[in-house]
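Each chain, letter by letter, is given below.
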Amino acid sequence: MPETTKPLIHLIAAARPNFMKIAPLYHQLAREDWCTVQIIHTGQHYDPNMSADFFRDFGLPEPDHHLDVGSGSHAVQTAKVMLAYEQVCLEQRPDWLIVVGDVNSTVACALVAAKLHIPVAHLEAGLRSGDREMPEEINRIVTDALSDLLWTPSPDGDENLLREGKSKDQVDRVGNIMIDSFEMLKGRISEDTTRADMGFEPGGYALVTMHRPSNVDDQSVLQVIVEQLIEVSGSVPLVLPLHPRTRKQAETFGLLAGIENAPNINVIEPIAYIQFMNLVCDAKLLITDSGGIQEETSYLGIPCLTLRDNTERPITIEMGTNKLVKPGQLTDSVAEILRGNWPGGKAIPLWDGKTAGRVAASLRRHTRQS
Ligand code: UD1
């Protein structure tokens, strides 16, 4: 097929969790001869350890367009992405926009494309926590409402979308792309020495991540979490890669020194994917408020305590190793895990490292050849 007649696909990269999700799909689409794929980096995340390191590890090329929007309030960030991406769309008229996940850039680009009558496909569609206090839940609902083609990771996603009025032929269950990301780099993850360099034996530590506004923006909540983590670290050493938002908030509330000085808590900077997953794979347990980590631990069979009231990924509780906990329950829940009292996960259908292939096949089926 001559270059000019190939459908042009825009793939949106924006924030840390998106880089992992687009990587297997980018490589899959770049190998196929029926389309041309371009990466648009909105610049929502910009620190090297939140962005460039992920491009390097996943072998992603320099983005074809960089929108450089940076941080800001939700309205500012969303509006800046829209202004900048509209220009790119007007110049390029892509045949498809693919957005992933639920960050502000996801909804912003979907809105731009939908208004320009550019078809939108959403990978990781249909997830619902039912909690509109989470900015990501609003992003999910709006993105799915605007999308023409919806790729879900699990049956609950299909059910949510059909209930919201999507038609069956718009919804394709493709599985979980994060498992492709892991499988893609599994060899390098197991060869990595991050855990060993920190002096930990397999199973000899717990890994902690948190950055959600509900946990880190309220002083009293963050204080309980910090107190509980310090208590937990008496029974198992903790490794805590600190997200920039969490560091800023802990400092503002005068809680940072307490965590940094706790003898059994290793506070480190956010780390790249391979190093991070090296720590995940050998951890005794995870404490997190991340979405992706609930999935990765379920896949790997590692106990996960999710510091949230709800999850948009209920399958990780039904079939995986995940449990929701309140900040005040952390110590007791960790003690349960250390006593060996935790459900082992089952294999979740289509979480098999082959999602990118199914996405590409679905996209091709839904693409009108010109
Ligand atoms: C965003 C996503 C969230 C995702 C998370 C992963 C939304 C609504 N939220 O939240 O779903 O789980 O990314 O990290 O899109 N900052 C830096 N350097 C960076 C990026 C951010 O220092 O490279 C600081 C800035 O001070 C910024 C703050 O972190 O104000 C928060 O960043 P932002 O992208 O607004 O939201 P996240 O909390 O990272």
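Everything that follows concerns the structure shown earlier in this document.
Summarised in this report is the structure supplied together with it. (Residues numbered from 1 in each chain as written. Predicted model: local features only at pLDDT ≥ 70, side-chain atom pairs only at ≥ 80, totals over all residues. Heavy atoms only, no water.)

1. Topic: the pairing of strand β6 (residues 149–152)
How we decide: Only protein chains enter the accessibility calculation, which uses a 1.4 Å probe. A residue is then buried if its area is under 20% of the maximum for its type, exposed if over 50%, and partly exposed in between. Per the convention used, a helix needs a DSSP run of H or I reaching at least four residues, while a strand needs a run of E reaching at least two, with both numbered from the N terminus. A clockwise course of the path from the first strand over the helix to the second, judged with the strands pointing away from the viewer, identifies a crossover as right-handed. By this definition, two strands are paired if DSSP reports at least two bridges between them.
Burial along β6 is two-sided: L149 and W151 and L150 and T152, pointing in opposite directions, are all buried. For the crossover from strand β5 (residues 120–123) across helix α5 (residues 135–146) to β6, the handedness is right-handed. Direction of pairing for β6 relative to strand β7 (residues 171–173): parallel, over a ladder of three bridges. From the neighbouring strand, W151 faces β7, where its bridge partner is D172. Once the chain exits β6 it traverses helix α6 (residues 155–163) before rejoining the sheet at β7, and the crossover so formed is right-handed.

2. Thoughts on the nonpolar core
Convention followed: Put simply, a nonpolar core is a bunch of buried Ala, Val, Leu, Ile, Met, Phe, Trp, Tyr and Cys residues held in one set by side-chain atoms that sit within 4.5 Å of each other. We call two residues contacting when some pair of their heavy atoms lies within 4.5 Å.
The biggest cluster of nonpolar side chains holds 52 residues, and the ones touching the most others in it are I9, L29, I98, W151, Y273 and L363. With seven residues, helix α1 (residues 16–31) is the single largest residue contributor to this core. For I98, the residues in contact, after removing those within four places along its chain, are I9, H10, L11, I12, L25, L29, A121, W151 and L363. Residues L229, L255, I259 and V325 belong to the second largest nonpolar core, which totals 29 residues.

3. Points about the pattern of salt bridges
Spelled out, the test is: We define a salt bridge as a contact between a side-chain nitrogen of Lys or Arg and a carboxyl oxygen of Asp or Glu at a distance within 4 Å.
Inspection of every chain in the model, using the stated rule, returns 24 salt bridges. Between K186 and E183 there is a salt bridge, with the nearest N and O atoms lying 3.0 Å from each other. In this pair, K186 and E183 both sit in helix α7 (residues 177–191), three residues apart, roughly one turn of the helix. According to the relative accessible area criterion, E183 is partly exposed, its value standing at 27%. With a closest N to O distance of 3.0 Å, D217 and R245 form a salt bridge. In this pair, D217 sits in the loop between α9 (213–216) and α10 (219–232) while R245 sits in helix α11 (residues 244–252), placing the two residues 28 residues apart along the sequence. Judged by relative accessible area, R245 falls into the partly exposed class, the value being 30%.

4. Looking at the sheet that holds strand β11 (residues 285–288)
For clarity, the threshold we go by: Every angle, taken between N-to-C directions, lies between 0 and 180 degrees, and every axis is a line fitted to C-alpha atoms, over only the stretch in contact when it is a helix.
The strand order across the open sheet formed by six strands is β10-β9-β8-β11-β12-β13, and the pairing between neighbours is parallel. The sheet is open, and its two edges are formed by β10 (265–268) and β13 (322–324), each paired on a single side. Here the average twist between neighbouring strands, direction ignored, is 20°. As paired strands, strand β9 (residues 238–241) and β10 are joined by four bridges and run parallel to one another. Bridging across to β10, L240 finds its partner in V267.

Just geometry here; none of it tells us what the structure is for.
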